[in-house]
Amino acid sequence: MNVLSAAALKDWINKAADVLDAQKAYLTELDAPIGDSDHGANMARGFAAAKAKLDQNATDAGAVLKSVAMTLISTVGGASGPLYGTLFLQAAGKAAGKTELTLSDWTSCLEAGLAGVVMRGKAELGDKTMVDALTPAIAALKEHASAPLPEALAISAQSAELGMQATTPLLARKGRASYLGERSIGHQDPGATSSYFLLQALAEVAAS
């Protein structure tokens, strides 16, 4: 697979929904000590709804991503809905009118998505949020811009995983976890974890 077609993006959302449902309990376990214990349920419900609402006839990559964005915003509570909705909505803007996304296109989509998340959540790298997984994932895409698409996406997902793991020793400075102060240290961020799951699912679709 050298490009991400609209069909491939739909395959991604289908796979992501399955992964997030399977990881629902784990995400809840991560969220319980530092959040509302609802991240797993919220993400699983949101992506199940996004999967159900996919237009199987859609050929515009931007339309696929926008559909996911609007569904997440309307079905996912807490901070996750607006943040993930913004991620997909901003990505959709870069993909609008394209039936296929090259690696460069996808990098632009994800970069725009991250910028939207940062603007909405006011989070920075190191604040113990999903930004800590997405930022290294994008840096990896840029570093491997000339690599085959499946390889670049795999490296991007690996970088997101490292970013996710690096949230454990951090002091939370955004979201509900920030209310805990020093007690937030030692817990892996659930938002960074779900971001990794999404990018890993995309890498697996591209490799199949």
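Structure's up top.
Bear in mind the structure is a predicted one, so any value in this text is a computation, not a measurement. (Residues numbered from 1 in each chain as written. Predicted model: local features only at pLDDT ≥ 70, side-chain atom pairs only at ≥ 80, totals over all residues. Heavy atoms only, no water.)

(A) Quick peek at the overall build of the chain. Scanning the chain for helices and strands turns up nine helices and two strands. In sequence order, the secondary structure elements of the chain are arranged as β-α-α-α-α-α-β-α-α-α-α. Against the globule reference of 17 Å for 208 residues, the chain gives a C-alpha radius of gyration of 16 Å, in line with a compact fold. For the chain, long-range pairs separated by at least 24 residues make up 70% of all intrachain contacts whose partners lie at least 6 apart in sequence. Accessible area of the chain: about 8,800 Å², with a carbon and sulfur share of 53%. For the chain, the distance from the average site of its 17 positive side-chain charges to the average site of its 21 negative ones is 7 Å. (Helix = DSSP H or I, 4+ residues; strand = E, 2+ residues; numbered from the N terminus. Rg over C-alpha atoms; globule rule 2.2 N^0.38 Å. Contact = heavy atoms within 4.5 Å. Areas by Shrake-Rupley, 256 points an atom, 1.4 Å probe, with all protein chains shown as cover. Lys, Arg positive; Asp, Glu negative; His and termini not counted. Charge placed at Lys NZ, Arg CZ, Asp CG, Glu CD.)

(B) Structural view of the nonpolar core. One finds Leu4, Trp12, Phe47, Phe88, Trp106 and Leu153 to be the most contacted residues of the largest nonpolar core, which totals 62 residues. Sorting elements by how many residues they give to this core places helix H9 (residues 190-207) first, with ten residues. (Core = buried A, V, L, I, M, F, W, Y, C linked by side-chain atoms within 4.5 Å. Buried < 20%, exposed > 50% of the residue type's maximum accessible area, 1.4 Å probe, protein only.)

(C) Representation of helix H2 (residues 24-31) within the structure. Every buried residue of H2 is accounted for by Leu27, Leu30 and Asp31. For H2, the angular spread of buried residues about the axis comes to 95 degrees, placing them on one side. Structural note: H2 exposes Ala25 and Glu29 on the side pointing more than 90 degrees away from its buried face. The inward-facing, buried residues of H2 contact helix H1 (6-22), helix H3 (39-52) and H9. (Arc of directions from axis to C-beta.)

(D) Just the packing of aromatic side chains, in detail. For the structure on display, the rule yields five aromatic pairs. Between Trp12 and Trp106, the aromatic rings sit 5.5 Å apart at their centres with planes inclined by 85 degrees, giving edge-to-face as the arrangement. Separated by 94 residues along the polypeptide, Trp12 in helix H1 and Trp106 in helix H6 (residues 103-121) bring together distant segments of the chain. Here the two residues Trp12 and Trp106 agree in accessibility, since each one is buried. Taken together, the ring pairs connect Trp12, Phe47, Phe88 and Trp106 into an aromatic cluster. (Phe/Tyr/Trp six-rings, centres within 6.5 Å; stacked < 30°, edge-to-face > 60°.)

(E) Summary view of the environment of Ser208. Residue position: Ser208 is located in the segment after H9. C-alpha separation for the pair Ser208 and Leu54, spaced 154 residues apart in sequence, amounts to 21 Å. In terms of polar contacts, Ser208 uses its side chain to reach the backbone carbonyl oxygen of Val205, at 2.7 Å. (Polar contact = N/O pair within 3.5 Å; in protein donor to acceptor, adjacent residues only side chain to side chain.)

(F) Representation of unusual backbone geometry in the model. Its identity is not glycine, yet Lys122 carries a phi of approximately 55 degrees, on the positive side. By secondary structure assignment, the location of Lys122 is in the loop between H6 and helix H7 (131-143). Judged by its relative accessible area of 54%, Lys122 is exposed.

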